[in-house]
Amino acid sequence: MAHDHDHHDHDHHHEGSELSDVALRVRALETVLTQKGLVDPAALDMIVDTYETKVGPRNGARVVARAWIDPAFKARLLEDGAKAIGELGYGGRGGEHIAVVENTSAVHNMVVCTLCSCYPWPVLGLPPVWYKSAPYRSRAVIDPRGVLKDFGVTLSDDVEIRVWDSTSEMRYLVLPMRPGGTEDWDEEKLADLVTRDSMIGVSQPLAPGART
Ligand code: FE
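These lines cover the structure that appears in this document, whether it is placed above or below. Note that the coordinates shown come from a computational prediction; the quantities given were computed from them, not determined experimentally.

### Remarks on the coordination of the iron ion
Piece 1. Protein-derived ligands of the iron ion are Cys 113 (SG), Cys 116 (SG) and Cys 118 (SG), with the metal-ligand distances lying across 2.1 to 2.3 Å.
Piece 2. Of note, the donors binding the iron ion are all from one chain and are spaced C-x2-C-x1-C.

Below, the structure written as structure tokens:
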């Protein structure tokens, strides 16, 4: 038991220090490039934002949309997330073990990493700043309903909220509920409704008509 605990902590520490090392190098590089007038910091922020909100999560959105239209794929996805995600060509570091958890009218799933910032990179890209913040990491466990409310999601009291605590050995992707009124939609159109936050479980997918 004690051994398992040490092992778990170690894995988290390992990933955390590795990321902060990368962050330090990036910061140093950014400073040098900015001082030399080679890079506009605002442009860099825009690139990071693109990876956080568009490039990465688009992979996850395709996975979700496929699951919505293909019941056999969905079954494989819930059985072994990483393996089914691999069928769409997504995988690699941070995607070795991904569990996909399905939202239903009775259960809402939400993902956190209480110790650091473990995140399913191949399907969601870079984690948003709030995901790595201490308030989210602690409150997601203590008061998930309150956190959801802050994100603008109000669930009825009879919906059970399940909070999944990620580690470097198991990361989670939420399969949100397919919005109503999309019965004849194709996969690509459906994927446009799937937001990053809905796959972390702090938001619902967009309603049809929210994007044109
Ligand atoms: Fe972590």
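### Thoughts on the pattern of salt bridges
Think of it this way: side chains of opposite charge can pair up when their charged atoms draw near.
Piece 1. The final tally for this structure, using the stated rule, is 7 salt bridges.
Piece 2. Look at the salt bridges and you will find they share partners, linking Arg 139, Asp 143 and Asp 150 into a network.

### Details of the nonpolar core
Piece 1. Among the nonpolar cores identified, the biggest contains 47 residues, and Val 63, Leu 77, Ile 85, Tyr 136 and Leu 173 are the most heavily contacted of them.
Piece 2. It is helix H2 (residues 41-69) that provides the largest number of residues to this core, a total of 6 residues.

### So, the environment of Leu 173
Piece 1. Relative to the helices and strands, Leu 173 resides in strand E4 (residues 171-175).
Piece 2. When residues no more than four places from it in sequence are discounted, the contact partners of Leu 173 are Val 63, Ile 85, Ile 98, Ala 99, Val 100, Val 101, Val 123, Leu 124 and Met 199.

### Observations concerning the packing of aromatic side chains
Piece 1. Evaluated as defined, the whole model comprises 6 aromatic pairs.
Piece 2. Measuring from ring centre to ring centre gives 4.8 Å for Trp 130 and Phe 151, while their planes differ by 65°; the resulting arrangement is edge-to-face. Taken together, the positions of Trp 130 in helix H6 (residues 129-132) and Phe 151 in the loop between helix H8 (144-150) and strand E3 (160-165) put the pair 21 residues apart, joining distant regions of the chain.
Piece 3. On the basis of relative accessibility, which here comes to 22%, the residue Trp 130 falls in the partly exposed class.
Piece 4. An angle of 35° between the planes, with centres 5.9 Å apart, marks the rings of Tyr 131 and Tyr 136 as tilted. For the pair Tyr 131 and Tyr 136, a shared accessibility class is recorded, and that class is buried.
Piece 5. Through a chain of ring-to-ring contacts, three or more aromatic side chains come together here, namely Tyr 119, Trp 130, Tyr 131, Tyr 136 and Phe 151.
Piece 6. Over the ring of Phe 73 we find Arg 66, and its NZ or CZ is 5.9 Å from the ring centre.

### Section: the pairing of E4
Walk down a regular strand and you will see the side chains alternate between the two sheet faces.
Piece 1. With 5 of its 5 residues buried, E4 lies for the most part within the structure.
Piece 2. With burial as the criterion, each face of E4 is covered, one bearing Arg 171, Leu 173 and Leu 175 and the other bearing Tyr 172 and Val 174.
Piece 3. Bridging between strand E1 (residues 98-102) and E4 involves 5 bridges; their strand directions are parallel. Bridge pairing in E4 places Glu 102 opposite Leu 175.

### Digging into a nonpolar patch on the surface
Piece 1. Residues Ile 47, Val 48, Tyr 51, Val 55 and Leu 126 make up a contiguous nonpolar surface patch of about 420 Å² in total accessible area.
Piece 2. We classify Tyr 51 as partly exposed; its relative accessible area is 43%.

### Here's the deal with the packing of H2 against helix H3 (residues 71-79)
Piece 1. Viewed as axis vectors pointing N to C, H2 and H3 meet at an angle of 125°, and their least axial separation amounts to 5 Å. Taken together, the axes of H2 and H3 lie oblique to each other. Between H2 and H3 the crossing geometry is left-handed. In this structure, H2 contributes Val 63, Arg 66, Ala 67 and Ile 69 to the contact, and H3 contributes Pro 71, Phe 73, Lys 74 and Leu 77.
Piece 2. Per-class residue counts for the contact of H2 with H3 are 6 nonpolar, no polar and 2 charged.

### Considering the environment of Arg 139
Piece 1. Along the chain, the position of Arg 139 falls in helix H7 (residues 134-142).
Piece 2. Each C-alpha atom, one on Arg 139 and one on Thr 114, is 9.3 Å from the other, the two residues being 25 residues apart in sequence.
Piece 3. Setting aside anything within four residues of it in sequence, one finds Arg 139 in contact with Pro 144, Gly 146, Val 147 and Asp 150.

### A word on the side chain of Ser 203
Piece 1. Mapped onto the fold, Ser 203 is located in the segment after helix H10 (196-200).
Piece 2. Since its relative accessible area comes to 17%, Ser 203 is described here as buried.
Piece 3. Apart from residues no more than four positions distant in its own chain, Ser 203 is found in contact with His 108, Val 153, Thr 195, Asp 197 and Ser 198.

### Re the side chain of Thr 182
Piece 1. Mapped onto the secondary structure, Thr 182 falls in the loop between E4 and helix H9 (187-191).
Piece 2. For Thr 182, a relative accessible area of 0% gives the class buried.
Piece 3. With residues near it in sequence (within four places) discarded, Thr 182 still touches Leu 190, Leu 193 and Pro 208.

Reading the values: the criteria
Residues numbered from 1 in each chain as written. Predicted model: local features only at pLDDT ≥ 70, side-chain atom pairs only at ≥ 80, totals over all residues. Heavy atoms only, no water. Donors = N, O, S within 2.8 Å, 3.2 Å for Na, K, Ca; no water. Salt bridge = Lys/Arg side-chain N within 4 Å of Asp/Glu carboxyl O. Core = buried A, V, L, I, M, F, W, Y, C linked by side-chain atoms within 4.5 Å. Buried < 20%, exposed > 50% of the residue type's maximum accessible area, 1.4 Å probe, protein only. Helix = DSSP H or I, 4+ residues; strand = E, 2+ residues; numbered from the N terminus. Contact = heavy atoms within 4.5 Å. Phe/Tyr/Trp six-rings, centres within 6.5 Å; stacked < 30°, edge-to-face > 60°. Lys NZ or Arg CZ within 6 Å of the ring centre and 35° of its normal. Pairing = 2+ DSSP bridges. Patch = residues over 30% accessible without salt bridge, like charges linked within 9 Å, V, L, I, M, F, W, Y side chains within 5 Å. Areas by Shrake-Rupley, 256 points an atom, 1.4 Å probe, with all protein chains shown as cover. Axes fitted to C-alpha atoms, helices over the stretch in contact; angles between N-to-C directions. Parallel < 35°, antiparallel > 145°, perpendicular 65-115°, else oblique. Left-handed = near helix turned anticlockwise from the far one by under 90°. Nonpolar A, V, L, I, M, F, W, Y, C, P; charged D, E, K, R; others polar.

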